[in-house]
Structure formats: C-alpha cells, structure tokens
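Summary of the model geometry
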Amino acid sequence: MEPSALFNALTSYASTRHWQYIYPVWSRRAQGLSIGINLHPNHCCNWHCVYCQVPGLQRGPSPTIDTHRLQQELTDCLNWLTLHIHHTTLTLRDCVQDIAFAGDGEPTTSPQFAEILDMVAHLMQQRKPHDRPANLRLITNGSQLQHAHIQHALKRLHEMGGEVWFKLDAGNDGEMLAVNDTHLPLALHLQRLQTCCTLCTTWVQTAIFSRSLHGETVTTPTLPGYMEALLPLKQRISGILLYGIARPSQQDLRGCIQATSEKILEKYASTLRTQGFRVRMFV
Ligand code: SF4
C-alpha cells in the first residue's frame, strides 16, 4: 500500500476508534503521513494566531490528559500500521514521517508534556528501528522555553534524536500582536528560540500571508525585520520552513488574511538563501 493510501485507510480506522489524543494527518511540511499527538482536545491555546485552523479555538488551561488512554491509542495506531504495512516491501519507518506533538493548542503548556514525552520515548525504544516513525517532533510556539522543566524535556527530545519546529511569524512586536495575538516582545521570543537551539535541533517555521491593514495589503512578516531577527541565529538554527496558508483560518472571521502568491514565497525563500539560510518552502 502506498503511503497516501495507507493514510486514507488509517483515517478511516481512526474514525471507528474514537481516539481522543492521536490523529493521522497528511503533513505538507513533514512531506507525508504524520501521527499527531494532541494534548489540547479542549481546543485551548495560550496564543490566538490569526491563521490558526483549530475550530472553536479558545484561551484557557490545559486539560488533564489520561496518559494511559493516550498510550493505548498510540500503541493501537502503531500496531495497525505495522499490520497493514506488513505485506509490502516498505517498513513503518518508510511510510510514517514522524510522531509530532502538535494538536489544538500549545503542547508545552500541558503540565504533563514531559511525562508524556518520556512515555512516547519508552514506547519507541520498545520497537525495532524500522518499525517506528522516522522522526519525533515538537511543533511549538516556544512560549514556555523559559521553564526549567521544558528545557529538560527538550534535552530529552534531543537525546531521542528528535527535533523542534519553533514558530516565528513576526519581524517586530506589532506583528507578534497582530499575527499571534500575544504581547510577548519579539526580543524575548528570540531569546527563547536561542535557548531552544542550545537544547535540541531546531527549525524555525514561519507562516507567510497577506493581511489588510488600513486599506492596504501587507505581507507578514515584513522581510527586513524578520531577516534582522534571524541573522544572529543563522549558525544555530537548522533551517527555516516557510509556508503559505493552505487551508482557511478558523479565527479570521472578518476575512482579513489571504494566502500569498508562490512568487512572494519564493522571494522570501531566495532572499533568505542568499543570506546563507537553509530554506524549505511549502506553497
Ligand atoms: S500557537 Fe498553534 S494552536 Fe496556538 S493559536 Fe497559534 S497556530 Fe493555533
């Protein structure tokens, strides 16, 4: 079975299992089948990004996670994959790009994040290398990187060969507010990014889109500020994942944001490459 057919079949299976924390997704950025771990089935996040695709997104606390159930769901998912890949020449590692902490809120705000990361690590260690996904990823807004327990968890992720995708959508404080709806100063966010780089392999991920501002259309993040923010970190980050808005935002009720053209994305990518950054672009 090809990975895309496997994804469709797994999605059908998942719908019969009513998993609460685990979901299969076809990921543009991971370039294939990804198994998501959602620590916020209550759709609560500490940020409120204007392009966020989570329906009914709210600000609010992290829910208590039933770790036993999460472990059972992940085991169920991986066992189903092993069984259905078994009769092909492919391995699970060939077919599944990653297990990704992502979901409907910021994973690191969950007080159980570190414990669950350890549980996933243990589960992976019990499987043969070809019978587990190729990568373990944390997709994060980076807002909890100042906490020692999160720093410790990221070291653990690093020991497991995992990586972080760290959100940076702004080139100044005003864009942090307009795009991510946070009053966090960009300088502080960049300090956290720097900390992240010292702990674990880190890619920056950036959404590029257009928004209406005082009757004009502007592309965010503005390139000079964004470049200035990232240049000091050039040797520390592994690269930049640039992506356009592919699916409608669930937060932009007034329709202020629009996808940018491929040409604009290419302009960002080529400017960054000229400065020596490694860039992957996803239209
Ligand atoms: S950090 Fe992620 S989950 Fe939270 S609002 Fe932004 S895009 Fe949505």
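One structure accompanies this document, and this report is about it. This structure is a prediction, so every number in the text was calculated from the model and none was measured. (Residues numbered from 1 in each chain as written. Predicted model: local features only at pLDDT ≥ 70, side-chain atom pairs only at ≥ 80, totals over all residues. Heavy atoms only, no water.)

Quick word on the overall build of the chain
Counting secondary structure elements, the chain contains nine helices and ten strands. The C-alpha atoms of the chain give 19 Å as radius of gyration, which agrees with the globular expectation for 283 residues (19 Å, within 12%). For the chain, the C-alpha atoms occupy an extent of roughly 55 × 40 × 40 Å along the three principal directions. Residues classed as buried in the chain amount to 51% of the 283 residues present. Entry remark: accessible area of the chain is about 13000 Å², with carbon and sulfur atoms responsible for 51%. (Helix = DSSP H or I, 4+ residues; strand = E, 2+ residues; numbered from the N terminus. Rg over C-alpha atoms; globule rule 2.2 N^0.38 Å. Buried < 20%, exposed > 50% of the residue type's maximum accessible area, 1.4 Å probe, protein only. Areas by Shrake-Rupley, 256 points an atom, 1.4 Å probe, with all protein chains shown as cover.)

Topic: the packing of aromatic side chains
Summed over the entire model, instances satisfying the criterion amount to five aromatic pairs. Judged by centre distance (5.8 Å) and plane angle (50 degrees), the rings of F7 and W26 are tilted. With a gap of 19 residues between them, F7 in helix α1 (residues 3-17) and W26 in strand β1 (residues 22-27) connect regions that are remote in the sequence. Looking at F7, the relative accessible area reads 17%, which means it is buried. On the basis of an interplanar angle of 20 degrees and a centroid distance of 5.6 Å, the ring pair of Y13 and W80 is categorised as stacked. Here the residue Y13 occupies a position in helix α1, and W80 occupies one in helix α2 (residues 67-85), the gap between them amounting to 67 residues. (Phe/Tyr/Trp six-rings, centres within 6.5 Å; stacked < 30°, edge-to-face > 60°.)

Some words on the site of the ligand
Around the ligand, the neighbouring residues are C45, W47, H48, C49, C52, L57, G105, N141 and K167. A breakdown of the residues in the shell around the ligand according to their chemical character gives five nonpolar, three polar and one charged. (Near = heavy atom within 4 Å. Nonpolar A, V, L, I, M, F, W, Y, C, P; charged D, E, K, R; others polar.)

Observations regarding the packing of helix α5 (residues 148-159) against helix α7 (residues 186-199)
Running from N to C, α5 and α7 point in directions that differ by 40 degrees, and their axes come no closer than 8 Å. Relative to α7, the element α5 is oriented oblique. Only T195, C196 and L199 of α7 make contact with α5, whose side of the interface consists of Q151, L154, K155 and H158. Here the residues of the contact of α5 with α7 sort into three nonpolar, three polar and one charged. (Axes fitted to C-alpha atoms, helices over the stretch in contact; angles between N-to-C directions. Parallel < 35°, antiparallel > 145°, perpendicular 65-115°, else oblique. Contact = heavy atoms within 4.5 Å.)

Observations concerning α7
With 14 residues, α7 ought to run about 20 Å at 1.5 Å a step, and its terminal C-alpha atoms sit 20 Å apart, in line with that. Along α7, the positions that sit buried rather than exposed are L186, H189, L190, R192, L193, C196, C197 and L199. Summarising the contacts, the buried residues of α7 are in contact with α5, β5 (163-167), α6 (173-180), β6 (201-213) and α8 (223-230). (Expected span 1.5 Å × (residues − 1).)

A closer look at the pattern of salt bridges
As enumerated under the stated definition, the model contains eight salt bridges in all. Notably, a salt bridge pairs E163 with R137, separated by 2.7 Å at the nearest N-O pair. With E163 in strand β5 and R137 in strand β4 (residues 135-140), the pair connects residues that are 26 residues apart, well separated along the chain. Given the relative accessible area of 8%, R137 is considered buried. (Salt bridge = Lys/Arg side-chain N within 4 Å of Asp/Glu carboxyl O.)

What to know about the side chain of R137
Within the structure, the side chain of R137 is placed 2.7 Å from the side chain of E163, a separation counted as a polar contact. With sequence-adjacent residues up to four places away left out, R137 is seen in contact with A30, Q97, D98, I99, A100, F101, E163 and W165. (Polar contact = N/O pair within 3.5 Å; in protein donor to acceptor, adjacent residues only side chain to side chain.)

Here we look at the environment of L90
Position of L90 relative to the elements: it lies in the loop between α2 and α3 (92-95). By relative accessible area, which is 30% here, L90 ends up partly exposed. Along the sequence, L90 and M124 sit 34 residues apart, while their C-alpha atoms lie 18 Å from each other.

Some details on the side chain of T206
Take T206: it is sitting in strand β6. Within the structure, the side chain of T206 is placed 2.6 Å from the side chain of Y226, a separation counted as a polar contact.

Describing the pairing of strand β8 (residues 239-244)
Among the six residues that make up β8, six are buried, leaving the element largely enclosed by the rest of the structure. Burial along β8 is two-sided: the face carrying G239, L241 and Y243 and the face carrying I240, L242 and G244 are both buried. The pairing of β6 with β8 spans six bridges and is classified as parallel. Of the residues in β8, the one forming a bridge with A207 is Y243. Sheet topology note: the β8/strand β10 (residues 279-282) ladder contains four bridges and is parallel. (Pairing = 2+ DSSP bridges.)

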